[in-house]
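# Working through the structure, step by step
Take a look at the letters that make up each chain.
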Amino acid sequence: MVFRRILGRGPVIVMAAWNVVVAGAQAQDAGELLVNGDFEAVGLADQSAWRPLPSSTTDAGHDTSAPAFEGRTSFRIARDAAASTSFVAMGQAVDAVPLRGKTVRLRAAGRVVGDQAVSNAGLSMRVDREGGGVGFFDNMTDRPIQNAEWAVYEIQGPVADDATRITVGLILRGAGAAWIDAASLEVLPGVPVDEADAAPLTARQLDNLAVFAKVYGYVRWFSPHSEPNDPRWDAIAAEGAGAVAPLSSPDALVGTLRALFEPWAPGLVVGGEAEVTQAIPHVAADLVRWRHEGVEFGRTTYRSERVRAEQAEIWRAEVGAGLFVAVPLTASRSRLPADPQPADVPTRQNIADRATRLAATVIAWNVLRHFYPYFEDEGAAWDMRLRPWLGEAATAPDAEAFADLLRRMVAHLNDGHGEVLPAGGGFQLPLLWRWVDGALVVTAVTAGESEVAVGDVIVAIDGRPAQAVLEEAGERVSASTVAHRRWKAAETLRLRTSAEPVTLRLRGADGPDREIAVTPFGPARLEGRLEEARPAAVTWLPQGAWYFDITRLDERRLREALRYVRSDQPVIFDLRGYPHGVRPDFLGRLSNRPVGTPPFLVPVAHRPEARDREWKQEGWEVSPAHPRLRGRVAFLTDERAMSYSETLLAMVRGRQLAEIVGAPTAGANGNRNSFRLPGDYEVQWTGLKVINHDGSDLAGHGVQPTIAVAPTIEGLRQGRDEVLERAIETVTRSGG
């Protein structure tokens, strides 16, 4: 069976430059497509042939001195390191009107000579649309030409229904020289374009894709013949999604699944229940199977390895209505191929392609389905969301919409570590805000910001009620507690993609609501960190207590500062946020016995879908240290404290070392894991489970304070830190 190749495309760069390339070019008759594609017509002067960019470039043209890929002549472009532009290019324009609604492929031989660390080349193809818009564009930045030897490269893409011109060519980035030869532009018959792919998936297409997704996950991560981190799996996900979606019969689906996955899972059976039930596992003396501690994607915390299997085993599951699969989970080590070759497919794709979006969805869904440690319903709700998410991925109109889908998928985990990167932003509002007393309230402003005051209530954002905007943002952030979700949502609203002003309606302590325009700023305008008002990171408070802000100290400063604390003096440690560079050793000064972490439970998977999952308990402890701190001690915390902060606070709470003043923490502890998706997205998530010392759940609850205190709007307006005030009262009170 032959599958359609789905080629990768990189991000769009030098768009303005390509406008210059084609600005003066006269388009060719579509019947000819490319003029002088073999470059043998040396010195062709027609304006519609190949032209260098910038137009002043002198070191560009037909080259007969170096060996060509075919014939005698190729086309060479070169750039000196001192050139005023960061690249040079050459291109030719083609009339796109006769090609509208079709898929075209640019194929050419290329090579490059230069420093590979800073120089590379790529074919380029761009589709211009009516009104000055740009359709498909790819210049191979994600898979550049870096070889000095000739090789053939391809780009394929759709021609929009309103396309006016297609421009193809070669670009050289950095210093060096690049050559192109044997260029052709052809129509691919029967290959649908993205515009047609934008139609909603039918019920049968969704069924086919859901079946494919499940088999893909079983085989990739649990067949002993598979290498789960082989980069070809990204391409197989896209290739398979494109292949199975249009199939109209169960037999065709079964045949396609076998062709895709049997090279990675010999003995795979796809068919009816009786056929799958009769599948017999291979028995041998040297059986191996996959053992996933978490799942390995390059982080040292987690490990995936083949281990000895005690007995032969097959995984059987129903993957669709009346359709079953049997995947061998064990195999003879001696029969494992060094490098299976299931299909000749590329390893990178462009997120503008429907099959690529489906591939990314399939991969993300599978990783989390099999390895996320916190599903309370054994993944039933996650299973139910597969078809709707595939449907959304198929019709996502652009990269932003697809990233939005991925964020909503991760939000469904209720995982405080859950993130989809890149997160966007780059600009931020010149203020901090939090949910206080049932409203979004300003808690800090940058110096010189006179129109906004601490304690102002945000009534509306760009004309919409602030609470509704916050709730909508909350659907796209992942958190295990309501308070942490609100805080993360508020942070995402502060981050902006541009410096375009944001209209805020504010309500202050006195007077009517007022409306102002606030301009976001970039990192270059922020001197220091935008922070809520707190004492200096190390302070002897006038009430008679030491204050240490662990979120603003490093290990050296904390260690030096603690030298000045007498053993009987009260101490307050602030953990309202995340510490950086502080070791847990200071907790040893609060105890005469070792202080252990809460249990860290690494999931160990031998089978798909967390079936019969085991848990590997890990942890560490802090030894007692001197001199002891024998005075009263309090820790400050709230929903902004997560991960390492929660480890420290759970150690304090589990051993009752000090009072914990404030609000529950985020409920998001445990080492992160992450994986990359086609389209260059990164998904982060919690890869292991953490529980409290008493066995109760941390996720969904957080570390609970021993003294509950929350800020108020009135307190913020008065410049008070009510949580710190209560801690001071606690550690300095007489008696007790």
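Quick look at the structure, then.

What counts and how
Residues numbered from 1 in each chain as written. Predicted model: local features only at pLDDT ≥ 70, side-chain atom pairs only at ≥ 80, totals over all residues. Heavy atoms only, no water. Helix = DSSP H or I, 4+ residues; strand = E, 2+ residues; numbered from the N terminus. Buried < 20%, exposed > 50% of the residue type's maximum accessible area, 1.4 Å probe, protein only. Contact = heavy atoms within 4.5 Å. Areas by Shrake-Rupley, 256 points an atom, 1.4 Å probe, with all protein chains shown as cover. Expected span 1.5 Å × (residues − 1). Polar contact = N/O pair within 3.5 Å; in protein donor to acceptor, adjacent residues only side chain to side chain. Pairing = 2+ DSSP bridges. Axes fitted to C-alpha atoms, helices over the stretch in contact; angles between N-to-C directions. Right-handed = clockwise from strand over helix to strand, strands pointing away. Phe/Tyr/Trp six-rings, centres within 6.5 Å; stacked < 30°, edge-to-face > 60°. Salt bridge = Lys/Arg side-chain N within 4 Å of Asp/Glu carboxyl O. Patch = residues over 30% accessible without salt bridge, like charges linked within 9 Å, V, L, I, M, F, W, Y side chains within 5 Å. Lys, Arg positive; Asp, Glu negative; His and termini not counted. Charge placed at Lys NZ, Arg CZ, Asp CG, Glu CD. Arc of directions from axis to C-beta. Parallel < 35°, antiparallel > 145°, perpendicular 65-115°, else oblique. Left-handed = near helix turned anticlockwise from the far one by under 90°. Nonpolar A, V, L, I, M, F, W, Y, C, P; charged D, E, K, R; others polar.

### Points about the overall build of the chain
- Along the chain, the regular secondary structure elements total 15 helices and 38 strands.
- The buried share of the chain, taken over its 736 residues, is 55%.
- Within the chain, counting contacts between residues at least 6 apart in sequence, those at least 24 apart form 74% of the total.
- Here the chain has roughly 31000 Å² of accessible surface; of this, 49% comes from carbon and sulfur atoms.

### Points about helix α7 (residues 354-371)
- Here α7 is 18 residues long and its end C-alpha atoms lie 26 Å apart, about the 26 Å a rise of 1.5 Å per residue gives.
- Sitting at the amino-terminal end of α7 is D353, which places a side-chain oxygen 2.9 Å from the backbone nitrogen of A355.

### Considering the sheet that holds strand β1 (residues 51-53)
- Pairing is antiparallel in the open sheet, where five strands are placed in the order β1-β4-β9-β6-β7. Whereas interior strands pair on both sides, the edge strands pair on one side only; in this sheet they are β1 and β7 (134-138). Taken over all neighbouring pairs, the strand axes of this sheet differ in orientation by 20° on average, direction set aside.
- Of the pairings in the sheet, the one linking β1 to strand β4 (residues 87-95) comprises three bridges and is antiparallel in character. Along β4, the bridge assignment pairs R51 with G91.

### Some words on the pairing of strand β33 (residues 633-637)
- With five of five residues buried, β33 is to be regarded as a mostly interior element.
- Burial of the side chains of β33 extends over both faces: V633, F635 and T637 are buried on one face and A634 and L636 on the other.
- Alignment of β33 against strand β34 (residues 659-662), held across four bridges, turns out to be parallel. Each bridged residue has a counterpart across the sheet, and for F635 the counterpart in β34 is I660.
- Of the crossover connections in this fold, the one passing from β33 over helix α13 (residues 644-655) to the parallel β34 is right-handed.

### Looking at the packing of aromatic side chains
- Taken as a whole, this structure holds 25 aromatic pairs when the rule is applied.
- Ring centres 4.7 Å apart and planes at 40° place the aromatic pair W233 and W264 in the tilted group. Remark: W264 occurs in the loop between α5 (250-261) and β11 (269-271) and W233 occurs in helix α4 (residues 232-244); sequence separation between them is 31 residues. Taken individually, W233 and W264 each receive the classification buried, so the pair is uniform in this respect.

### Details of the pattern of salt bridges
- Applying the stated rule across the entire model yields 48 salt bridges.
- Note that R232 and D230 form a salt bridge whose closest N and O atoms lie 2.7 Å from each other. Here the two residues R232 and D230 agree in accessibility, since each one is buried.
- Residues participating in the shared-partner salt-bridge network are R534, D549, R552, D574, R576 and D721.

### Details of a negative patch on the surface
- A contiguous patch of negative charge on the surface is contributed by E376, D377, E378 and D697.
- Relative to the helices and strands, E376 resides in the loop between α7 and α8 (380-395).

### Some details on helix α12 (residues 555-562)
- Along α12, the residues classified as buried are E555, L558, A561 and L562. The buried side chains of α12 occupy one side of the element, clustering within an arc of 140° when seen end-on.
- On its buried side, α12 packs onto β26 (538-541), β27 (545-549) and β28 (571-574).

### Some remarks on the environment of D694
- By the secondary structure assignment, D694 is in the loop between β37 (689-690) and β38 (707-708).
- Take D694: its relative accessible area is 63%, and that puts it in the exposed class.
- A distance of 2.6 Å separates the side chain of D694 from the side chain of S696, its partner in a polar contact.

### Description of the environment of L106
- Within the fold, L106 resides in strand β5 (residues 103-114).
- You can call L106 buried: its relative accessible area is 2%.
- In this structure the C-alpha to C-alpha distance between L106 and S124, which are 18 residues apart in sequence, comes to 8.4 Å.
- Those residues in contact with L106, other than ones at most four positions away along the chain, are L123, S124, M125, Y153, E154, I155, V168, G169, S184 and L185.

### Comments concerning the packing of helix α3 (residues 203-222) against α5
- Relative orientation of the contacting elements α3 and α5 amounts to 30°, with a least axis distance of 11 Å. Here α3 lies roughly parallel to α5, going by the angle between them. Seen from above, α3 lies across α5 with right-handed handedness. Contact residues: α3 offers R204, N208, V211, F212, V215, Y216 and V219, while α5 offers P250, L253, L257, L260 and F261.
- A per-class count over the contact of α3 with α5 returns 10 nonpolar, one polar and one charged.

### A short note on the environment of V319
- Structurally, the position occupied by V319 is in strand β14 (residues 314-320).
- Sequence-wise, V319 and V270 are 49 residues apart; in three dimensions their C-alpha atoms are separated by 9.5 Å.
- If we skip the residues at most four places from it in the chain, V319 touches V211, K214, V215, Y218, F324 and V325.

### Considering the sheet that holds β38
- Overall, mixed pairing links the six strands, which are arranged β26-β27-β28-β33-β34-β38 in an open sheet. Sheet topology places β26 and β38 at the edges, where each strand pairs with a single neighbour.
- Bridge count between β27 and β28: four bridges; the pairing is parallel. Paired with D549 across the two strands is D574, which belongs to β28.

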